[in-house]
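# Report on the structure
Okay, here's what each chain looks like letter by letter:
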Amino acid sequence: MEALSPIENGSAALAELAHLLKSAGDELRLEILRALAQDSFGVLEISHIFDVRQNSISHHLKVLATAGLVNTRREGNSIFYRRNNSHLGDQALLRAALFQQIDNLELSPDVQTRIEDIHHKRADISQSFFKEHGSSLREKQDLIAEFKVYGGQVESFLASCELPQWHTALEIGPGDGEFLPLLAARFAQVTALDNSATMLQRTQQLCEQQQLGNIEFIHHDTQFCREQSQAFDCVVINMVLHHTPSPRQIFSDVSNALKPGGVLVVCELCQHNQDWTQQACGDVWLGFEPRELVEWAQATNMQHGQNTFFALRNGFQIQIHEFVKVPSQVTER
Ligand SMILES: C[S@@+](CC[C@H](N)C(=O)[O-])C[C@H]1O[C@@H](n2cnc3c(N)ncnc32)[C@H](O)[C@@H]1O
């Protein structure tokens, strides 16, 4: 095939540009892009958020997807939409400027309330799962990854992080509590935060058995972090993000609670397509792409540090990342 001449190239680029601008040129579609800044939603959820019929929303989403403004991703039986924040591609600059402009707009209170409704529903499903299966969680978790497989890896990863201080640590979602003795040995004071009373009770029992005296137990989700400005040197999140209603929100909450230079360690499943985990293990999300975690961290004032990946025999892959809270004087520049 012959290469395109500069003029042909130019007119193809113009056509693409016009297509993108036309696709974005609609108030509802701009609002959808605004709502997708923080989160990904399915068609039914977006239809609920904007109180617009599902087939109309499907049409708008198709237009946005064809123009490369949103990406799709299958989570079990549902397709989820998220904004295409990629820095790659001919129109990346225009997309970024458009998104920046849109993000200055406030979502209407009604839309915000309906987004919160969806988050509550997702959280309820996850919490009911842990309430019902708390005592057998370990067996269910082991179907995906045994703690002994990743726990030691997270421990040595943490040991290699350069923390300014090793005073205070927070573990979000300690589950059965197996990582807490390791944190209690390294930090002067440890906080264990879990939104499931059943799981927190199990955590507490294990810590009592091991006579760990430097752990405080908090029954809450990460909203707790919004009241804990710069309280922690380190936050650890092991295999929790895929259970949370809005993983991006977790990053934002954690960032508030970290001291400048403090470190967030995340151990998580890589994106997979084994949708049985939703039924069997209460998973909301089928893992994550590394770039999603990095994007959420960077958007909330944390820099990507070291990372490591390893594969399990059952096809799952695990990723561990370090994110360092940027000292505020650097961001003010
Ligand atoms: C799969 S278990 C992981 C437990 C442990 N970190 C491990 O690796 O074995 C997930 C835990 O996170 C908790 N959890 C889920 N969503 C949470 C949230 N939004 N805030 C706090 N804890 C949460 C659950 O109750 C559960 O204890």
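Here the structure is shown first, and the text comes after it.
This report concerns the structure included in the present document. (Residues numbered from 1 in each chain as written. Predicted model: local features only at pLDDT ≥ 70, side-chain atom pairs only at ≥ 80, totals over all residues. Heavy atoms only, no water.)

### Concerning the overall build of the chain
Each helix and strand counted, the chain has 14 helices and 10 strands in total. Taken over the C-alpha trace, the chain has a radius of gyration of 21 Å; the compact-globule value for 333 residues is 20 Å, and the two agree within 12%. Relative to its full complement of 333 residues, the chain shows a buried share of 49%. Considering only intrachain contacts with a sequence separation of at least 6, the fraction spanning at least 24 residues in the chain is 70%. (Helix = DSSP H or I, 4+ residues; strand = E, 2+ residues; numbered from the N terminus. Rg over C-alpha atoms; globule rule 2.2 N^0.38 Å. Buried < 20%, exposed > 50% of the residue type's maximum accessible area, 1.4 Å probe, protein only. Contact = heavy atoms within 4.5 Å.)

### With respect to the packing of helix α2 (residues 27-35) against helix α4 (residues 54-66)
Their axes nearest at 10 Å, the elements α2 and α4 cross at an angle of 75 degrees. Considering the angle they form, α2 stands roughly perpendicular to α4. Taking contact as the criterion, the partners of Leu-28, Arg-29, Ile-32 and Leu-33 in α2 are, on α4, Ile-57, His-59, His-60, Leu-61, Val-63 and Leu-64. In terms of residue class, the contact of α2 with α4 is made up of 7 nonpolar, 2 polar and 1 charged. (Axes fitted to C-alpha atoms, helices over the stretch in contact; angles between N-to-C directions. Parallel < 35°, antiparallel > 145°, perpendicular 65-115°, else oblique. Nonpolar A, V, L, I, M, F, W, Y, C, P; charged D, E, K, R; others polar.)

### Looking at a nonpolar patch on the surface
A surface patch of nonpolar side chains, about 280 Å² in accessible area, is lined by Leu-14, Leu-17 and Leu-21. One can find Leu-14 in helix α1 (residues 6-24). A residue is classified by how much of its surface remains accessible, and Leu-14, at 57% relative accessible area, is exposed. (Patch = residues over 30% accessible without salt bridge, like charges linked within 9 Å, V, L, I, M, F, W, Y side chains within 5 Å. Areas by Shrake-Rupley, 256 points an atom, 1.4 Å probe, with all protein chains shown as cover. Salt bridge = Lys/Arg side-chain N within 4 Å of Asp/Glu carboxyl O.)

### Re the side chain of Ser-40
With respect to the secondary-structure elements, Ser-40 resides in the loop between α2 and β1 (41-42). In this structure Ser-40 comes out as buried when scored by relative accessible area, which is 14%. Ignoring anything within four residues of it in the chain, the contact list for Ser-40 reads Glu-45, Phe-80, Tyr-81, Arg-82, Arg-122 and Trp-285.

### Considerations on helix α6 (residues 109-133)
Between its terminal C-alpha atoms α6 stretches 36 Å, which fits the 36 Å expected from 25 residues at 1.5 Å a residue. All of the buried residues along α6 are Val-111, Arg-114, Ile-115, Ile-118, His-119, Arg-122, Ala-123, Ser-126, Phe-129, Phe-130 and His-133. (Expected span 1.5 Å × (residues − 1).)

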